Amino acid sequence: MARSPKSVQIQAEMVANVMTVYVGPGDRVRPGDTVALLESMKMEIPVLSEHDGTVTAVNADAGDVVQEGDALVTLDLA
Amino acid sequence: MTTTTAPAAPPAQARRPKLPREQDPRNPNFRLAALLDEGSLRLISEDDDSGMLAAVGTVAGTPVVAFCSDATVMGGAMGEVGCKVVVRAYERAMADGVPIVGLWHSGGARLAEGVRSLHAVGEIFHAMTLASGRIPQISVVLGPAAGGAAYGPALTDVVVLGPEGRIFVTGPDVVRSVTGEDVDMLRLGGPEPHGRRSGVVHLLADSEAQALQNARDVAALLGSQGVMTPEQVEQRDLATLLPESKKRAYDVHPLVEGVLDQGTVVELHAKWAPNVVTALGRLGGRTVGVVANNPLRLGGCLDSASAEKAARFVRMCDAFGVPLVVLVDVPGYLPGVGQEWDGVVRRGAKLLHAFSECTVPRVTLVTRKTYGGAYIAMNARSLGATKVFAWPGAEVAVMGAVAAVRILHRRKLLEVAPELRTQVENELAAEHERIAGGVEAAVEIGVVDEIVSPAETRQALADAIAEALTAHPGARGSHGNIPL
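Residues numbered from 1 in each chain as written. Chains lettered and ligands numbered in written order. Predicted model: local features only at pLDDT ≥ 70, side-chain atom pairs only at ≥ 80, totals over all residues. Heavy atoms only, no water.

(A) Local environment of the overall build of chain B. The helix and strand inventory of chain B stands at 19 helices and 16 strands. Computed over the C-alpha atoms, the radius of gyration of chain B is 25 Å, within 12% of the 23 Å expected from 2.2 N^0.38 for a compact globule of 484 residues. Over its C-alpha atoms, taken along the principal directions, chain B stretches across nearly 80 × 65 × 35 Å. The buried share among the 484 residues of chain B stands at 55%. Long-range contacts, defined as pairs at least 24 residues apart, comprise 71% of the intrachain contacts of chain B with a sequence gap of at least 6. For chain B, the exposed surface amounts to about 20,900 Å²; the carbon and sulfur share of it is 56%. Between the averaged position of the 46 positive side-chain charges in chain B and that of its 53 negative side-chain charges there is a distance of 4 Å. (Helix = DSSP H or I, 4+ residues; strand = E, 2+ residues; numbered from the N terminus. Rg over C-alpha atoms; globule rule 2.2 N^0.38 Å. Buried < 20%, exposed > 50% of the residue type's maximum accessible area, 1.4 Å probe, protein only. Contact = heavy atoms within 4.5 Å. Areas by Shrake-Rupley, 256 points an atom, 1.4 Å probe, with all protein chains shown as cover. Lys, Arg positive; Asp, Glu negative; His and termini not counted. Charge placed at Lys NZ, Arg CZ, Asp CG, Glu CD.)

What follows is the structure, encoded as structure tokens:
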């Protein structure tokens, strides 16, 4: 049976300011790749992908305030 | 409402063709032989239909007692006779003072035996609890472990989950009939829920062989702890493992590996509460435990789950006489309503309690910063740390200097024109740091013993532990290891 690729979100772990999103739709992301940089607790915190996949959507932009659990990037798993 | 989902995959054993017991890979003789060093296995129970089999043997030369569910008989269900096999195995391990490894694949208590089987399962729990903190207990869950078979592993020190291991109190059918939730065994009690969410499982394995190897590694680390030999510690410059910018978060794993002897690291609870790393390994040839903040996750903040995870690990190490190395880079406790309601006060208190009662050598290293309540919780001098080291430039403070002056000089800052505020803040912060903060002040007060360079850190840690071990040989806590 043909299945559509499984979609996953990379989420913010905590309340943070989005400093940079490094990826865009169509980009290939591998485990360990940095997809975004957040600012929280006066620190710059890189967000790493646990997954291998292709970016289908960017859900947050630089300057946004994200809450715990908010999507940053959506991937279709490879 | 009806939901349509693909039918759940049948349980693994249902896919396998029926094999005679002599060829069935679930035969406990095979599993115990795969766990133990070749040729070391000696059975200490009858190989019959009790549902349990026990043996003595060695792992990497370390003597252990082991037992295994017999999943070829009634799916490994536990009856009166089988439970006695486990209780006797515990008596043997306690008498020998050696680790015990349990291999689990069991649907729980034998229904046909009624309350007799429940009573017998309860006796296993009792034996496990009496052994807690006295001998290392390691569980490997290789198949379904339901009901009583779930709480057996849960009472032990380290739980390893094989790829087909599933742990739950009530299975998918009962869950569906009572709550209406449609869930399969994998999602209810597989690697994802127990590795990441519940904290039941310490180690996830990709294969049964890997699961058994994990158990061997942990049993050898706890059962044959070795002798600390500081003169064998090779120096490494650990400074290269941190980013240049002090504001930049980083993954602490390379630092943990850098501190420990190469190839000896076994991380426990890697995916659960990942803002604290807890790992066993060797330093100068001797087993030690490492507790480290991980700035990459939640900025390295302590929170309720990570404090509890660290507390349990500290208590386990203390009970088995394993010295601790505490790597500190912590901005504080994670603020939030969710945290407070989640019991960050109660669960955070466990870490204060665990370190305070700890009698093994426990050496702290502050790499970059340690603030506030989290400063105390990460094995501060005040909790009785054996030694507190700091790297040059480390910050030991109630909070960051800018945050501090915003409180201390709130009125004054309000009077400053907005465009000048940042500049004034920075000036006040520099002044504040001169008076109150900085690692030199911490040394003066006596809450940091010594500033060490990153290149000399391994030696300093090993020397401090070796010295404490000489002063208090065999120090270990006299308490159980309740699964906090």
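Additional details are given in the paragraphs that follow.
(B) Region of interest: the side chain of K309 of chain B. Residues and elements named next belong to chain B. Tracing the backbone shows K309 in helix α11 (residues 304-319). As a buried residue without a salt bridge, K309 has its nearest oppositely charged side chain in E267, at a separation of 5.0 Å. There is a polar contact of 2.7 Å between the side chain of K309 and the backbone oxygen of H269. Excluding its chain neighbours within four sequence positions, the residues that come into contact with K309 are L268, H269, W272, A273, P274, V276 and T278. (Salt bridge = Lys/Arg side-chain N within 4 Å of Asp/Glu carboxyl O. Polar contact = N/O pair within 3.5 Å; in protein donor to acceptor, adjacent residues only side chain to side chain.)

(C) The arrangement of the nonpolar core in detail. Residues and elements named next belong to chain B. Core analysis: the biggest nonpolar cluster contains 66 residues, and V101, L103, V140, L280, L324 and L351 have the highest contact counts within it. For this core, the element with the highest residue contribution is α11, accounting for 8 residues. When residues no more than four places from it in sequence are discounted, the contact partners of L324 are G289, V291, F313, V314, C317, F355, C358, V360, P361, R362 and V363. Counting residues in hydrophobic clusters, the runner-up holds 31 residues, among them A54, F67, V121 and A145. (Core = buried A, V, L, I, M, F, W, Y, C linked by side-chain atoms within 4.5 Å.)

(D) Structural view of the sheet that holds strand β5 (residues 43-48) of chain A. Strand order in the open sheet made by the 4 strands is β5-β4-β2-β7 (chain A), with antiparallel pairing throughout. Every interior strand has two partners, whereas the edge strands, β5 and β7 (65-66) of chain A, have only one. (Pairing = 2+ DSSP bridges.)

(E) Focus on helix α18 (residues 438-445) of chain B. Residue and element names in this part refer to chain B. Turning to α18, its buried residues are V439, A441 and A442. Each buried residue of α18 sits inside an arc of 155° when the element is viewed along its axis, so together they form one side. Residues of α18 that are exposed and angled more than 90 degrees away from the buried face: E440 and E444. Tucked into the core, α18 has its buried residues touching β14 (387-390), β15 (395-397) and β16 (450-451). Remark: G446 follows α18 within two positions and exhibits a positive phi of approximately 100°. (Arc of directions from axis to C-beta.)

(F) Highlighting the interface of chain B and chain A. Each partner contributes residues to the interface: chain B has 17 residues there, and chain A has 12 residues. Buried area between chain B and chain A, both sides added, is near 1,400 Å², and the carbon and sulfur share of it is 59%. Area buried by chain B at its contact with chain A is led by K247, R248 and L296 of chain B, which between them contribute 38% of it. Viewed at the interface, chain A and chain B are joined by 3 salt bridges. E13 of chain A is the partner of R297 of chain B in a salt bridge, and the nearest nitrogen-oxygen pair spans 2.4 Å. Taken together, chain B and chain A are joined by 5 residue pairs in polar contact (both at pLDDT 80 or more). Residues of the side of chain B that touches chain A, tallied by class, amount to 10 nonpolar, 1 polar and 6 charged. (Buried area = accessible area lost by both parts, 1.4 Å probe. Nonpolar A, V, L, I, M, F, W, Y, C, P; charged D, E, K, R; others polar.)

(G) Region of the structure containing unusual backbone geometry. Residues and elements named next belong to chain B. The backbone of A60 sits at a positive phi, close to 45°, despite the residue not being glycine. By the secondary structure assignment, A60 is in the loop between β2 (52-59) and β3 (62-69). Of the residues examined, A60 reaches a relative accessible area of 59% and is grouped as exposed. With a phi close to 50°, M74 is a non-glycine residue in the positive phi region.

(H) Broad picture of the packing of aromatic side chains. Residue and element names in this part refer to chain B. Under the definition given, this model contains 2 aromatic pairs over all chains. Arranged with centres 6.2 Å apart and planes meeting at 50°, the rings of F67 and Y90 form a pair that is tilted. Of this pair, F67 sits in strand β3 while Y90 sits in helix α3 (residues 80-96), and the two are 23 residues apart along the sequence. Overall, Y90 belongs to the buried group, its relative accessible area being 3%. Each ring, one from F67 and one from W104, has its centre 5.7 Å from the other, and the planes form 85°; the classification is edge-to-face. Taken together, the positions of F67 in strand β3 and W104 in strand β4 (residues 100-106) put the pair 37 residues apart, joining distant regions of the chain. Classification of F67 as buried rests on a relative accessible area of 1%. (Phe/Tyr/Trp six-rings, centres within 6.5 Å; stacked < 30°, edge-to-face > 60°.)

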